[in-house]
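# A structural walkthrough
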2 protein chains.
Amino acid sequence: MNPTIQTLLSHRSVRRYTDDPVPEEHIRSAVEAGQMASTSAAVQAYCLIRVRDPEHRRRLVELTGGQEKVARAGAFFVVCGDVRRHRVIAQRAGKPYRARLEAFLVAAIDAALFAQNMCVALESMGLGICYIGGLRNRLRDVDELLRLPGGVYPLFGLCVGVPDERPAPRPRLPVDAVLFEGGYPPDEVWLDALSSYDEEYEAYLRARGAAPKPWTRGIAESFTEPARGDLAAYYESKGADLT
Amino acid sequence: MNPTIQTLLSHRSVRRYTDDPVPEEHIRSAVEAGQMASTSAAVQAYCLIRVRDPEHRRRLVELTGGQEKVARAGAFFVVCGDVRRHRVIAQRAGKPYRARLEAFLVAAIDAALFAQNMCVALESMGLGICYIGGLRNRLRDVDELLRLPGGVYPLFGLCVGVPDERPAPRPRLPVDAVLFEGGYPPDEVWLDALSSYDEEYEAYLRARGAAPKPWTRGIAESFTEPARGDLAAYYESKGADLT
């Protein structure tokens, strides 16, 4: 196994960090490595906002549902879809800017590819990372805090720091429930692959000191109420067309 | 520079492949490495469909706008958002499944993080990759070809193969046009950073034998017509709620 694959397989989200700062040169190389990820027709529809201000970090703890790590991590970033650059450039060139759901999807995918490369680079340098999806809990407040202009909208947050824990890896679905040949199989095929996964997942939660629950039970309970129902209205208010 | 960062910085999309097959064990380890990417609350809202059937591959060349590499690459995959698993599991447990734009966004981001890890793993083993956004040109036809059930929808394609070219890297935006401190800067800041990038980008296109054009001119011309206007209707037909 080569060192890159070893890095990828060693990933665990790290939620406790030491007080050590993240070296600036590590951040810069990680951003450069992030940028080398593929991007749809080179549009590079993302940007990265680093938040250092301690009061802003405290406020972001609140806005992400009380996640203390958002204040404590050595560095915190907001990963944004950025179609502002395209809009401003088109406007200055006197060209119309017209975009539908495709542009929003490209921004989300471009930003995720960028962020993942960046995370892999950071982890290869011994740092720990944690994606903060909870940033989408109160996007309008995040937007106001950072005073984001039109065309720039947060997708997720990212904590980075020197790890102060070494958690066990969270087990993933069996490959046979994810990689399919030629088409999507009958549901029984992937359902069959899940019974041992449920046990494995439950054991992982127990070892972590969390309430044990089979993965499928957690999933069944996750979608009883629609999460983050104001996302579409927020993104549209920033100029995204979701049609 | 460590070998992982070297792998990340060496990325170029590869569009010409030799006839050599992609070793099965490389694919499997890349999928496993892909799965270790972060996933929102472990929902793992993606799946990967490998297409081997030569007739299907020919048809996919057509459906992606004549991209011959889709037939010629050693392996071709369709990366899908997959909320079917969640829906079926909820239904079997007698729980309601309710999801809004958040679920679609999670699927797109989860799938992209997975795919990017997978690509990094493949590249670390000497293989070449190319994302195929053109798969979104005619999604209904792709869907019909692969007979995808509800809750499973293609996001992009992925060519993988033994490289038969060593293209120059496509230059990326300067870091100062991507990484910002505390908020989004006035447009002049990132516009200033673009003038040398335009020249660099034009030189890259010229060296590649393509029509030279500054990056900003390409961007200004890219959005004059809205691309892929039927995406939202297609995704909604698969059960995605984009509101």
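The structure displayed is predicted, hence computed values, not measured ones. (Residues numbered from 1 in each chain as written. Chains lettered and ligands numbered in written order. Predicted model: local features only at pLDDT ≥ 70, side-chain atom pairs only at ≥ 80, totals over all residues. Heavy atoms only, no water.)

## So, the relation of the copies chain B and chain A
- Once chain B is rotated about the relating axis by 180 degrees and shifted along it by 0.0 Å, it coincides with chain A to within an RMSD of 0.0 Å. A rotation of that kind, with that shift, is consistent with a two-fold axis. Relative to the rotation axis, the closest C-alpha in chain B is found at B:T4, a distance of 2.3 Å.
- Residue by residue, 98% of the interface of chain B is reproduced at the interface of chain A, so both copies engage with the same surface. (Least-squares fit on C-alpha atoms with pLDDT ≥ 70 in both. Contact = heavy atoms within 4.5 Å.)

## Examining the domain arrangement of chain A
Residue and element names in this part refer to chain A.
- When cut into domains, chain A gives domain 1 (3-167) and domain 2 (171-238).
- When each unit is reduced to the centre of its C-alpha atoms, the spacing between domain 1 and domain 2 is 24 Å.
- Taken together, the contact pairs 18 residues of domain 1 with eight residues of domain 2.
- Contact between domain 1 and domain 2 buries roughly 1100 Å² in total, counting both sides, with carbon and sulfur atoms accounting for 49%.
- Considering only the surface of domain 1 that becomes buried against domain 2, R136, L139 and R140 emerge as the three largest contributors, covering 44% of it.
- The tally of links from domain 1 across to domain 2 stands at one salt bridge.
- Across the salt bridge formed by D143 and K238, the nearest N and O atoms sit 2.8 Å from each other. (Domains from an automatic or database assignment. Buried area = accessible area lost by both parts, 1.4 Å probe. Salt bridge = Lys/Arg side-chain N within 4 Å of Asp/Glu carboxyl O.)

## Details of the side chain of B:R136
- Structurally, the position occupied by B:R136 is in the loop between β3 (128-132) and α7 (139-146).
- Relative accessible area serves as the criterion here: at 3%, B:R136 is assigned to the buried category.
- Setting aside chain neighbours within four positions, we find B:R136 in contact with A:S40, A:E102, A:L105, A:V106, A:I109, B:L155, B:F156, B:R228, B:L231 and B:Y235. (Helix = DSSP H or I, 4+ residues; strand = E, 2+ residues; numbered from the N terminus. Buried < 20%, exposed > 50% of the residue type's maximum accessible area, 1.4 Å probe, protein only.)

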